[in-house]
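What follows is each chain in one-letter form.
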Amino acid sequence: VVDAINNSPISAAPGFVETAAGALSYQTLLKIFASVGNTYRSTKALPESVEVTAWTGTTLPTPPTATATPEYTYLVFREILSGAVRVKNTTETLAAAPNYVTIGESRLYQGTALRMFANTVANISRGKAVNMPFMEVATPARLADETITACELTKAEYISLANRIAETIYKNNALPN
């Protein structure tokens, strides 16, 4: 992982992670953690499992071309959850990840939103409902091939995945590989 990040001209990993469901792209991870955030927002509890499915379109969504950096250094917990709801609704309606994610008044790269969602899920699992410091994360320059076997990740599995993603992004300022 470190070699891939260090050799990347924009300090970004190829953008996928291996799980029990297969190799998941960062867009699929964004969809997964948006779904978890959506459930938490409505029930105040993490779901016992989350469904993992392949994208129904013929190609994966394309990365955004621009982002707006927030004028402040923290994003509010409830606004992160609201962003998760919008991403979940978009992915279900359009069968694609949005080009950018709105959290509060800011439009963020998908990678930055993935960091926010994964960290929020990890924090909730530790009993912390906290605001998140803003940290821009490079979106991968190329999409990785995705191999998904439709399944459900258990609560323990998706929390472990959230912790792994959060730790990799924190250490490397890039999406995990």
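Position labels on residues start from 1 in each chain and follow its written sequence. Where totals are concerned, whole chains, interfaces and linings use all residues; where local detail is concerned, this predicted model gives features only for residues with pLDDT of at least 70, and gives and counts side-chain atom pairs only at 80 or more. Calculation of side-chain values draws on the structure's entire complement of heavy atoms; hydrogens and water are dropped beforehand.

Colleague: Whenever I open this one, unusual backbone geometry confuses me. Can you help?
Modeller: Glycine aside, the phi torsion of most residues is negative, and most peptide linkages are trans. With a phi close to 65 degrees, Lys 44 is a non-glycine residue in the positive phi region. Strands here mean DSSP runs of E at least two residues long; helices mean DSSP runs of H or I at least four residues long; both are numbered from the N terminus. Position of Lys 44 among the secondary structure elements: in the loop between α2 (26-43) and β3 (49-52). With phi around 55 degrees, Ala 95 is a residue other than glycine that occupies positive phi space. Along the chain, the position of Ala 95 falls in the loop between α3 (77-94) and β5 (101-103).

Colleague: It is not clear to me how empty space enclosed by the protein should be interpreted in this structure. Could you clarify?
Modeller: A water-sized probe rolled over the atoms picks out the places where empty space is left. Grid points spaced at 1 Å over the protein atoms alone were grouped into cavities, where a 1.4 Å probe fits but cannot get out, and pockets, open sets with protein on both sides within 12 Å along at least five of seven lines, with lining residues defined by an atom within 4 Å of a point. Grid points are joined across faces, edges and corners, and a volume is the space filled by probe spheres set on the points. By the definition in use, this model includes one cavity of 30 Å³ or more. What the largest cavity holds in volume is close to 40 Å³. As for the largest cavity, its lining consists of Phe 33, Gly 37, Ile 80, Leu 81, Ala 84, Phe 117, Thr 120, Val 121 and Ile 124. Of all elements in the fold, only α2, α3 and α4 (110-125) reach the threshold of two or more residues within the lining of the largest cavity. With four residues, α4 is the single largest residue contributor to the lining of the largest cavity. Counted by class, the lining of the largest cavity contains seven nonpolar, two polar and no charged residues. Classification convention: Asp, Glu, Lys, Arg as charged; Ala, Val, Leu, Ile, Met, Phe, Trp, Tyr, Cys, Pro as nonpolar; all other residues, Gly among them, as polar.

Colleague: Where do I start with the layout of surface pockets in this structure?
Modeller: Taken as a whole, the largest pocket spans an internal volume of roughly 350 Å³. Lys 31, Glu 51, Thr 53, Thr 91 and Glu 92 are, among the 18 residues lining the largest pocket, the residues nearest its centre. Among the secondary structure elements, those contributing two or more residues to the lining of the largest pocket are α2, β3 and α3. The dominant element in the lining of the largest pocket, judged by the number of residues it contributes, is α2, at five residues. Taken together, the residues of the lining of the largest pocket break down into seven nonpolar, seven polar and four charged.

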